[in-house]
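For reference, the chains in residue letters:
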Amino acid sequence: MEQKLKKDGTPDKRYKPKKLDNINPTLFEGRIKRYFEETDPLEWSVPSLCNYLQISKQMFKNMADHPDLASVHEYASNMIEADLFKNLKTMKNPTGAIFALKTMGYSDNRGVDLNAKISIEQVLKNTKLKA
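Quick caveat, the model's predicted, so the values are computed rather than measured.

1. Observations regarding the overall build of the protein chain
When you go through the protein chain residue by residue, the secondary structure sums to six helices and zero strands. Seen in sequence order, the protein chain has helices and strands lined up from the N terminus as α-α-α-α-α-α. Across the 131 residues of the protein chain, 25% fall into the buried class. Total accessible area on the protein chain stands at roughly 10400 Å², and carbon and sulfur atoms take up 53% of it.

2. A look at the pattern of salt bridges
Inspection of the entire model under this criterion finds two salt bridges. Here Glu29 makes a salt bridge to Lys33, at a shortest N to O gap of 3.2 Å. A residue pair is termed a helical-turn pair when its members lie 3 or 4 positions apart in one helix, as Glu29 and Lys33 do in helix 1 (residues 25-38) at four residues. Judged by its relative accessible area of 32%, Glu29 falls in the partly exposed class. For Lys86, the salt bridge goes to Asp83, with nearest N and O atoms at 3.4 Å. Separated by three residues within a single helix, Lys86 and Asp83 lie in helix 4 (residues 70-90), roughly one turn from each other. Residue Asp83 is classed as buried on the basis of its relative accessible area of 6%.

3. With respect to the packing of helix 4 against helix 5 (residues 95-103)
Where helix 4 contacts helix 5, the two axes come as close as 9 Å, and the packing angle between them is 145°. The interaxial crossing formed by helix 4 with helix 5 has left-handed handedness. For the pair helix 4 and helix 5, contact is made by Glu81, Leu84, Phe85, Asn87 and Leu88 and by Ala97, Ile98, Ala100 and Leu101, respectively. Among the residues making up the contact of helix 4 with helix 5, the classes are represented as seven nonpolar, one polar and one charged.

4. A few points about the packing of helix 1 against helix 4
Their axes nearest at 10 Å, the elements helix 1 and helix 4 cross at an angle of 10°. In this view, helix 1 runs roughly parallel relative to helix 4, as classed from their interaxial angle. The residues of helix 4 that touch helix 1, namely those facing Pro25, Phe28, Glu29, Ile32, Lys33 and Phe36, are Val72, Tyr75, Ala76, Met79 and Ile80. Looking at side-chain class alone, the contact of helix 1 with helix 4 contains nine nonpolar, no polar and two charged residues.

Cut-offs and rules
Numbering of residues starts from 1 in each chain and follows the order in which that chain's sequence is written. With the structure being a predicted model, the display of local features is reserved for residues of pLDDT at least 70 and the display and counting of side-chain atom pairs for 80 or more, all residues being used for whole-chain, interface and lining totals. Values reported for side chains reflect all heavy atoms of the structure, with hydrogen atoms and water molecules removed beforehand. For the purposes of this entry, the term helix denotes a DSSP run of H or I that reaches at least four residues, the term strand denotes a run of E that reaches at least two, and both are numbered from the N terminus. Whether a residue is buried, partly exposed or exposed follows from its accessible area with a 1.4 Å probe, protein chains only, as a fraction of its type maximum: under 20%, in between, or over 50%, in that order. Where accessible areas are quoted, they stem from the Shrake-Rupley method and a 1.4 Å probe; at the residue level, only the protein chains shown are allowed to cover. Salt bridge, as used here, is a side-chain nitrogen of Lys or Arg placed within 4 Å of a carboxyl oxygen of Asp or Glu. Orientation is described by lines fitted to C-alpha atoms, with helices fitted over the stretch in contact, and by angles between N-to-C directions that extend from 0 to 180 degrees. Crossing chirality is assigned from the near helix's rotation relative to the far helix, an anticlockwise turn below a right angle marking it left-handed and a clockwise turn marking it right-handed. Contacts were defined at the residue level, with two residues in contact if any of their heavy atoms lie within 4.5 Å. Each residue is assigned to one class: nonpolar for Ala, Val, Leu, Ile, Met, Phe, Trp, Tyr, Cys and Pro, charged for Asp, Glu, Lys and Arg, and polar for all the others, Gly among them. Should an angle lie under 35 degrees it is considered roughly parallel, over 145 roughly antiparallel, and from 65 to 115 roughly perpendicular; all remaining angles are considered oblique.

As structure tokens, this is what we get:
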């Protein structure tokens, strides 16, 4: 739950957190697009976007299930994700991009599929070796 704090660090009882139902989807979409236009792509991230929109990360996550905001959530997530993938190709050390993608649901596939149905001919077809 979003919570605003007073200067002394105690919760501000007068603060009412934003609710998804009170958000105008058209205006919100405009603010998200403006974020991607005005912000350096190196700064694109979910926390940065949430800070720009003045919403919590949980609220951003909940947007995916809201009928009027799901497409806006998908657009923002795809923009951030596409930039992370671009960074994987261009960065000398892509550790940060890999970590960010893992927080977005990607995972390492370190297992071996013993049930894979592929023939030696199929493997050799894509290599320079001959059977």
